[in-house]
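Chain by chain, the residues run as shown.
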Amino acid sequence: MALLVLWEIASRSGTIPQRTLAAPSAVLTTMFQMIASGELPGNLAVSALRVISGLAIGVTAGLILALVSGLSRAGEVTVDPLMQIKRTIPTLALTPLFIVWFGIGETPKIALIAFASIFPIYLNLYSGIRAVDVRLIEGARSFGLSRFELIWHVILPGALPSLLVGLRYSLSVAILVLVVAEQINASAGLGYLINNARDFMRTDIIVVCLMVYAVLGLGADWLVRIIEQRALVWRPSNVAS
Amino acid sequence: MDARLSFQADRHPADRGQNSLRAVPEPIVRLTNFTRAFGDNVIISDLDLEIGKGEFVVLLGRSGSGKTTLLRTLAGLDDATGQSVRIPGSRAVVFQDARLLPWKKVWRNVALGLRGLTGLVRDKAERALHEVGLGHRLDAWPLTLSGGEAQRVALARALVREPELLLLDEPFSALDALTRLKMHELTLALWQAHRPAVLMVTHDVDEAIALADRVLVLDQGRIVTQERITAPRGERSDVARGLRQRLLSALGSGAEHASVIPFRQSHEAFA
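As the structure is a computational prediction, the values presented were derived from the model and not from experiment.

Colleague: What exactly am I supposed to notice about the overall build of chain A here?
Modeller: Along its length, chain A carries eleven helices and zero strands. Sequence-ordered secondary structure for chain A, helices as α and strands as β, is α-α-α-α-α-α-α-α-α-α-α. For a compact globule of 241 residues, the expected C-alpha radius of gyration is about 18 Å, and chain A comes in at 23 Å, more than 25% above that figure. Its C-alpha atoms put chain A at 75 × 50 × 30 Å along the principal axes. Taking all 241 residues of chain A together, 43% fall into the buried category. Within chain A, contacts between residues at least 6 apart in sequence are counted, and of these 72% link residues at least 24 apart. Carbon together with sulfur atoms contributes 71% to the accessible area of chain A, which is approximately 12600 Å² in total.

Colleague: Which parts of the structure should I look at to understand the packing of helix α3 (residues 39-71) of chain A against helix α9 (residues 190-199) of chain A?
Modeller: When two helices pack together, their arrangement is given by the angle between the helix axes and by the axis-to-axis distance. Residue and element names in this part refer to chain A. Relative orientation of the contacting elements α3 and α9 amounts to 125°, with a least axis distance of 7 Å. When the axis of α3 is compared with that of α9, the two are oblique. Contacts between α3 and α9 involve Glu39, Leu40, Asn43, Leu44 and Ser47 from the first element and Leu190, Tyr192 and Leu193 from the second.

Colleague: Before we go on, may I ask you to explain the confidence of the model for chain A in this structure?
Modeller: Considering every residue of chain A, the mean pLDDT works out to 87; 98% of them sit at 70 or more. The least confident element of chain A, judged by mean pLDDT, is helix α11 (residues 236-240) of chain A at 63; the most confident is helix α6 (residues 106-130) of chain A at 92.

Colleague: Would you mind going over the pattern of salt bridges with me for this structure?
Modeller: Pairing between side chains of opposite charge can happen when the charged atoms of each approach one another. For the structure on display, the rule yields 28 salt bridges over all chains. Salt-bridge contacts for Glu76 of chain A lead to Arg130 of chain A; the nearest nitrogen and oxygen are separated by 3.1 Å. One end of the pair, Glu76 of chain A, is in helix α4 (residues 73-88); the other, Arg130 of chain A, is in helix α6, with 54 residues separating them in the sequence. According to the relative accessible area criterion, Glu76 of chain A is buried, its value standing at 17%. The residue Glu55 of chain B makes a salt bridge to Arg228 of chain B at a minimum N-O spacing of 3.6 Å. Linking Glu55 of chain B in the loop between β2 (41-52) and β3 (56-61) with Arg228 of chain B in strand β9 (residues 222-228), this pair joins segments that are 173 residues apart in sequence. For Glu55 of chain B, a relative accessible area of 8% translates into the label buried. The class for Arg228 of chain B is partly exposed, based on a relative accessible area of 48%. Three or more residues joined by partner-sharing salt bridges are found here, namely Asp133, Arg135 and Glu138 of chain A together with Arg36, Arg72, Asp78, Asp97 and Arg99 of chain B.

Colleague: Explain the interface of chain A and chain B here, please?
Modeller: When the parts come together, some accessible area is lost, and that loss is often what is quoted as the size of the interface. Listed per partner, the contact involves 20 residues of chain A and 22 residues of chain B. The junction of chain A with chain B conceals about 1900 Å² of combined surface from both sides, 67% of it contributed by carbon and sulfur atoms. The largest per-residue losses of area from chain A upon contact with chain B belong to Leu136, Phe143 and Trp234 of chain A, which jointly make up 37% of the total buried on that side. Inspection of the region where chain A meets chain B yields four salt bridges. In this structure, Arg72 of chain B engages Glu138 of chain A in a salt bridge whose closest nitrogen and oxygen atoms are separated by 2.5 Å. On inspection of chain A and its partner chain B, the count reaches seven residue pairs in polar contact (both at pLDDT 80 or more). With seven residues, the top contributor of residues to the side of chain A that touches chain B is helix α7 (residues 134-142) of chain A. Of the residues in the side of chain A that touches chain B, the class split is ten nonpolar, six polar and four charged.

Colleague: Honestly, helix α8 (residues 147-181) of chain A in this entry has me stumped. Any pointers?
Modeller: Because an α-helix packs 3.6 residues into every turn, residues spaced three or four apart end up facing the same way. Spanning 35 residues, α8 of chain A covers only 43 Å between terminal C-alpha atoms, well under the ideal 51 Å at 1.5 Å per step. Of all bends in α8 of chain A, the biggest is about 40°, found at Leu160 of chain A, and the proline Pro161 of chain A comes one to four residues later.

Colleague: Please clarify how the sheet that holds strand β4 (residues 84-86) of chain B should be interpreted in this entry.
Modeller: All names here are of chain B. Sheet architecture is open: three strands sit in the order β2-β1-β4, paired in antiparallel fashion. At either end of the open sheet lies a strand with only one pairing partner, and these are β2 and β4. Sheet twist, expressed as the average angle between the axes of neighbouring strands with direction ignored, equals 20°. Examined bridge by bridge, strand β1 (residues 27-38) and β4 share three bridges and lie antiparallel to one another. If you follow Leu31 over to β4, its bridge partner there is Val85.

Colleague: Please explain the environment of Trp191 of chain B as it appears in this structure.
Modeller: Structurally, Trp191 of chain B can be placed in helix α7 (residues 177-194). Setting aside residues no more than four positions away along its own chain, Trp191 of chain B makes contact with Gly54, Glu55, Phe56, Pro196, Val198, Asp213 and Arg233 of chain B.

Colleague: Can you walk me through the nonpolar core in this structure?
Modeller: The nonpolar side chains of a soluble globular protein tend to be buried with one another. Membership of the largest hydrophobic core comes to 117 residues, with the highest contact counts inside it found for Val154 of chain A together with Leu129 of chain B. The element contributing the most residues to this core is α8 of chain A, with 14 residues. The residues touching Val154 of chain A, leaving out its near neighbours within four places in the chain, are Val132, Leu136, Ile137, Ala140 and Glu149 of chain A together with Leu101 and Trp103 of chain B. One finds Leu59, Leu74, Ala75 and Leu199 of chain B within the second-largest nonpolar core, a separate group that totals 26 residues.

Colleague: Even after reading the chapter, I still don't get α4 of chain A, so can you show me in this structure?
Modeller: Residue and element names in this part refer to chain A. If you check α4, its first and last C-alpha atoms are 23 Å apart, about what 16 residues at 1.5 Å a residue would give, namely 22 Å. The axis of α4 is deflected most strongly, by about 30°, at Val79, and proline Pro81 appears within four residues downstream. Among all positions of α4, only Gly75, Glu76, Val79, Asp80, Met83 and Lys86 are buried. On the buried face of α4, the contacting elements are α3 and α6.

Colleague: Just checking my understanding: could you explain the confidence of the model for chain B for this structure?
Modeller: Do not read the predicted coordinates in detail wherever pLDDT is low. All names here are of chain B. In the predicted model, chain B carries a mean pLDDT of 78, and 84% of its residues have values of at least 70. Across residues 1-20 the pLDDT falls below 50, and counting only partners more than four positions away or on other chains, this stretch makes 28 contacts in the model. Predicted confidence for residues 265-271 stays below pLDDT 50, and this span has one contact to residues more than four positions away or in other chains.

Colleague: How should I be thinking about the side chain of Glu170 of chain B in this particular structure?
Modeller: Residue placement: Glu170 of chain B occurs in the loop between β6 (165-169) and α7. Ignoring sequence-local partners within four residues, the contact set of Glu170 of chain B consists of Lys67, Gln96, Val201, Thr202 and His203 of chain B.

Criteria and thresholds
Residues numbered from 1 in each chain as written. Chains lettered and ligands numbered in written order. Predicted model: local features only at pLDDT ≥ 70, side-chain atom pairs only at ≥ 80, totals over all residues. Heavy atoms only, no water. Helix = DSSP H or I, 4+ residues; strand = E, 2+ residues; numbered from the N terminus. Rg over C-alpha atoms; globule rule 2.2 N^0.38 Å. Buried < 20%, exposed > 50% of the residue type's maximum accessible area, 1.4 Å probe, protein only. Contact = heavy atoms within 4.5 Å. Areas by Shrake-Rupley, 256 points an atom, 1.4 Å probe, with all protein chains shown as cover. Axes fitted to C-alpha atoms, helices over the stretch in contact; angles between N-to-C directions. Parallel < 35°, antiparallel > 145°, perpendicular 65-115°, else oblique. pLDDT = per-residue confidence, 0-100. Salt bridge = Lys/Arg side-chain N within 4 Å of Asp/Glu carboxyl O. Buried area = accessible area lost by both parts, 1.4 Å probe. Polar contact = N/O pair within 3.5 Å; in protein donor to acceptor, adjacent residues only side chain to side chain. Nonpolar A, V, L, I, M, F, W, Y, C, P; charged D, E, K, R; others polar. Expected span 1.5 Å × (residues − 1). Bend = angle between axes of the 7 residues up to and from the residue. Pairing = 2+ DSSP bridges. Core = buried A, V, L, I, M, F, W, Y, C linked by side-chain atoms within 4.5 Å.

As structure tokens, then:
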């Protein structure tokens, strides 16, 4: 709070020029103007759609791959080495390749987000499946559960906490990649707003967009927390509360 | 010392101890010449065991005597192909750690693997939980249970299957003494009500004496002695003393502490 006040005073007195950083009051005014004009909600929706579609594809792929490699020996031999290779490639380094493949429209942006969000899901779910307490599996097996029942009642619920950790990572990676992907020749979205603002040295708009990114990140975290509270009610910390 | 010698003699295949293991009417478990080894490490060798219908057998043994391996075989958890092993189809195990699934409510843990309509299955599970005195914790999460409660749930989960053979793997060793006594009473009551054959593994001699029809002592993969207890439970204090002595010495028979130099000898060495 004190920082905001200092910042405001510095801006008003001219210590921080408008071109370097807009005053908080100016940022707020701009934000309300952008909301009122529909500029911010419209572009936010475009960005959100990119994240959601990218995540949907990436999370689904990650889930399937992790199940295949976590639940079967053959799957592990086929999938895991590939995933480990994939892990060593920084997703953003693929941007040029994706532009060549998919052009400069929506596809490379969504593809990048999807590609980046596969791995956290895969890695966490896979290790979650492998880390399920063998004593629980054995106990359940002694009661005559079939393999499918074993997976459904024991292995998947046991791996769920890890999956949710993976989901949280995936969400934050998706937003990170969104920021970069939107710098590719976008004609709409938060990245487009930022690029435009940069060209016109509108630091107030840039700050507004940064705030929106932060809110997106917080929102994603909150979402996973809600899911966790619902899905992991059996945990002592949740039971107590 | 005499007792110890005689128990060591028991370890020869042709002795009376081994023969009497076969003298069980209507055996529902029968292992003949059962051997189990991991690599060169022989865990159980040439073991014969029969358990009669409704019989309460306690298996005593020190750590590493092979008792858990034997129990796993009887539970069908270890593959025993090529061996002469007969075990009933309906079995249930209570493990030392209750092994409840923490993400399933207590009654669902009891109902695990039961087939049928949800309502009927729930009724069955509820009845079993009432029987072990946990009717009020049907919808509790397992991680909120005390150790004794968790073991009661594990007992209910085993009994709801109406097993012919109930296997108990040191089920009470992690409980405090008072809870353990209560669990003994409960176990006996449930056994008398349902009459499964029971094989209970423990290293607690008093527990064995309090519960068993027959006590077996396992050492280095062989049954080195067995005691049949005919006195009714609760009136065993007269026989307990002698029995305890015999069982303890049987348990100690393999434990010649080779690496420990007896005090007298070292004393002599200095003299």
